[in-house]
Protein chains: 2
Amino acid sequence: MKTLVIIASHNSTSFNNAIKKRAVEKLKNDGHDIVVRDLYEMNFNPVLTKNDFEKLHGNNLPEEIVREQEYIKWAEKIIVIYPIWWTGMPAILKGYFDRVMLYGFAYKFDNTGLVKLLKGKEALIFSTSGQPKEHYEAIGMYDAMNKTTDLGIFDFVGINVKKHIYFPSIISANDSTRNEYLNTVEQELN
Amino acid sequence: MKTLVIIASHNSTSFNNAIKKRAVEKLKNDGHDIVVRDLYEMNFNPVLTKNDFEKLHGNNLPEEIVREQEYIKWAEKIIVIYPIWWTGMPAILKGYFDRVMLYGFAYKFDNTGLVKLLKGKEALIFSTSGQPKEHYEAIGMYDAMNKTTDLGIFDFVGINVKKHIYFPSIISANDSTRNEYLNTVEQELN
């Protein structure tokens, strides 16, 4: 299966990178075709500008955007890995969607309304958080985060989010908890 | 009253800029002290890096971050203006919070748990969207967006969001609707 792994982690020794490593090992063992897009390593520019819009209308998108669109088009499965910052994505990942998921590529509107252009693909999302599970549960934040990410981005373009898995209390998590989390990553990729 | 206006709009002729203009006029007429931070105009870099963290721990933050923290400290009222992109903030604004609302400045933890360091300030948020109201209402998205923005960012640091006002269907809105929206901005600033 053609699998795209997108990771936004500012620190190469982070637990998010451990998730990526475990996921890639598992996917390789299972014989997947894998492409990894490490947004920090790529120094991806997440700021959508007026210039991008003008180039979109002129059918003349920047190469760095076309390249990402090609990877998304190619992929059957998309794994997204990021830490929750302020109950959302790090800006570098939010801006990846701002800049790459453009009108005409990811969605369009016709007489029938919204047309989702990336149907048939599946996503699996892993998010770590410093906050404990109880903090988010008490205020319905998991539901809100699922809505603003899984529904608001992926479902809008037709990508089916198979699961969005959260690994809470990551800063204080001991080795045993971290191993458990990594085993979950492996199981979810079965 | 000391009022900070933060705007993230990629296009100087956008309706978001019309909101900013009307808000600033009104605030000036009412005798407020005003500082405007136009993130696109400032070419604000929204990517929080490992380097930022290291500098935070070394008590040696980049000047561009310290400057924004000073403005937030100074402000009694904060007006935030941005278009909804993918049911969230444009990356440049999300990254403003990622980089500026740092541990020790905006919040900290002690024996009692979370300490909100920006208490006593009030925010008013204006968000435009291309999507119609009905689209968001049908899936509970306003509640989700309020949670991931107002609760997840502002309330977490003690800033009271007085109101988060959404202006839907902005692309197809005619002059009369746009005027109505701008009048709402003015009224909310009373």
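My aim in this report is to walk through the structure given alongside it, one point at a time. Here the structure is a predicted model, which means the values were calculated and not measured. (Residues numbered from 1 in each chain as written. Chains lettered and ligands numbered in written order. Predicted model: local features only at pLDDT ≥ 70, side-chain atom pairs only at ≥ 80, totals over all residues. Heavy atoms only, no water.)

## Section: the nonpolar core
Right, so step 1: Ranked by internal contacts, the top residues of the largest apolar core, which has 92 residues, are Leu93 and Met101 of chain A together with Leu93 and Met101 of chain B.
Right, so step 2: For this core, the leading source of residues is helix α7 (residues 141-157) of chain B, giving 8 residues.
Right, so step 3: If sequence neighbours within four positions are ignored, Met101 of chain A has contacts with Ile72, Tyr96, Ala106, Tyr107, Leu118, Val157 and Ile159 of chain A together with Trp86 of chain B. (Core = buried A, V, L, I, M, F, W, Y, C linked by side-chain atoms within 4.5 Å. Buried < 20%, exposed > 50% of the residue type's maximum accessible area, 1.4 Å probe, protein only. Helix = DSSP H or I, 4+ residues; strand = E, 2+ residues; numbered from the N terminus. Contact = heavy atoms within 4.5 Å.)

## Here's the deal with the sheet that holds strand β6 (residues 122-128) of chain A
Residues and elements named next belong to chain A.
Right, so step 1: Reading across from one edge, β2-β1-β3-β6-β7 is the order of the 5 strands in this open sheet, with parallel pairing throughout. Across the chains shown, the open sheet's two edge strands, defined by having one partner strand only, are β2 (33-38) and β7 (160-167). In this sheet, neighbouring strand axes are inclined to one another by 15° on average, regardless of whether the strands run parallel or antiparallel.
Right, so step 2: Seen against the sheet, helix α1 (residues 15-29) touches β1 (2-7), β2, β3 (77-83), β6 and β7 and runs at an angle of roughly 165° to β2.
Right, so step 3: Across the sheet, helix α4 (residues 63-74) touches β1, β2 and β3, and the angle it forms with β2 is around 145°. (Pairing = 2+ DSSP bridges. Axes fitted to C-alpha atoms, helices over the stretch in contact; angles between N-to-C directions.)

## Some points on the environment of Asn16 of chain A
Right, so step 1: Checked against the element boundaries, Asn16 of chain A lands in helix α1.
Right, so step 2: Here the alpha-carbon distance between Asn16 of chain A and Thr128 of chain A, two residues 112 residues apart in the chain, equals 7.2 Å.

## Things to note about the relation of the copies chain A and chain B
Right, so step 1: It takes a turn of 180° to lay chain A on chain B, together with a shift of 0.0 Å along the axis; the resulting RMSD is 0.0 Å. Such a combination of turn and shift is consistent with a two-fold rotation axis.
Right, so step 2: When the interface residues of chain A are mapped onto chain B, 100% of them again lie at the interface, so the same face is used by both copies. (Least-squares fit on C-alpha atoms with pLDDT ≥ 70 in both.)

## Describing the sheet that holds strand β2 (residues 33-38) of chain B
All names here are of chain B.
Right, so step 1: Strand order across the open sheet formed by 5 strands is β2-β1-β3-β6-β7, with parallel pairing between neighbours. Two strands close off the open sheet at either side, each with one partner strand: β2 and β7 (160-167). Adjacent strand axes in the sheet meet at a mean angle of 15°, parallel and antiparallel pairs treated alike.
Right, so step 2: The pairing of strand β6 (residues 122-128) with β7 spans 7 bridges and is classified as parallel. Each bridged residue has a counterpart across the sheet, and for Glu122 the counterpart in β7 is Asn160.
Right, so step 3: On the sheet, helix α1 (residues 15-29) packs against β1 (2-7), β2, β3 (77-83), β6 and β7 and is oriented at approximately 165° with respect to β2.
Right, so step 4: In the packing of α7 onto the sheet, contacts are made with β3, β6 and β7, and the angle to β7 comes to roughly 145°.

## Observations concerning empty space enclosed by the protein
Right, so step 1: Within the structure shown, the criterion is met by 1 cavity of 30 Å³ or more.
Right, so step 2: Space inside the largest cavity adds up to approximately 240 Å³.
Right, so step 3: Lining the largest cavity are 19 residues, with Thr87, Gly88 and Met89 of chain A together with Gly88 and Met89 of chain B positioned closest to its centre.
Right, so step 4: Looking at the lining of the largest cavity, the elements with two or more residues in it are α7 (141-154) of chain A together with α7 of chain B.
Right, so step 5: A class-by-class count of the residues in the lining of the largest cavity yields 9 nonpolar, 8 polar and 2 charged. (1 Å grid on protein atoms, 1.4 Å probe; cavity = no way out; pocket = protein on both sides within 12 Å on 5 of 7 lines; lining within 4 Å. Points joined across faces, edges and corners; volume = space filled by probe spheres on them. Nonpolar A, V, L, I, M, F, W, Y, C, P; charged D, E, K, R; others polar.)

## Quick notes on the pattern of salt bridges
Right, so step 1: Under the criterion given, the structure shown has 26 salt bridges over all chains.
Right, so step 2: For the salt bridge of Arg67 of chain A with Glu63 of chain A, the shortest nitrogen-to-oxygen distance reads 3.4 Å. Linking Arg67 of chain A with Glu63 of chain A, this pair stays in helix α4, spanning 4 residues, or about one helical turn.
Right, so step 3: By relative accessible area, which is 38% here, Arg67 of chain A ends up partly exposed.
Right, so step 4: Here Lys77 of chain B ties to Glu122 of chain B by a salt bridge, and the two come within 3.9 Å at their closest N and O atoms. Taken together, the positions of Lys77 of chain B in strand β3 and Glu122 of chain B in strand β6 put the pair 45 residues apart, joining distant regions of the chain.
Right, so step 5: Relative accessible area serves as the criterion here: at 7%, Lys77 of chain B is assigned to the buried category.
Right, so step 6: In this structure Glu122 of chain B comes out as partly exposed when scored by relative accessible area, which is 26%.
Right, so step 7: Salt bridges sharing partners connect three or more residues here, namely Asp52, Glu64 and Arg99 of chain A. (Salt bridge = Lys/Arg side-chain N within 4 Å of Asp/Glu carboxyl O.)

## A closer look at the interface of chain A and chain B
Right, so step 1: Contacts between the two partners involve 38 residues from chain A, matched on the other side by 38 residues from chain B.
Right, so step 2: At the boundary of chain A with chain B, total buried surface from both sides reaches about 3000 Å², with 70% on carbon and sulfur atoms.
Right, so step 3: The three residues of chain A that bury the most area against chain B are Trp86, Lys94 and Thr148 of chain A, which together make up 24% of that side's buried surface.
Right, so step 4: Remark: the boundary between chain A and chain B carries 0 salt bridges.
Right, so step 5: Linking chain A with chain B are 14 residue pairs in polar contact (both at pLDDT 80 or more), by the criterion used here.
Right, so step 6: Elements with a contribution of two residues or more to the side of chain A that touches chain B: α3 (50-57), α5 (91-100), β4 (107-110) and α7 of chain A.
Right, so step 7: Considering each element in turn, the side of chain A that touches chain B owes the most residues, 8 residues, to α7 of chain A.
Right, so step 8: For the side of chain A that touches chain B, the per-class residue count stands at 23 nonpolar, 11 polar and 4 charged. (Buried area = accessible area lost by both parts, 1.4 Å probe. Polar contact = N/O pair within 3.5 Å; in protein donor to acceptor, adjacent residues only side chain to side chain.)

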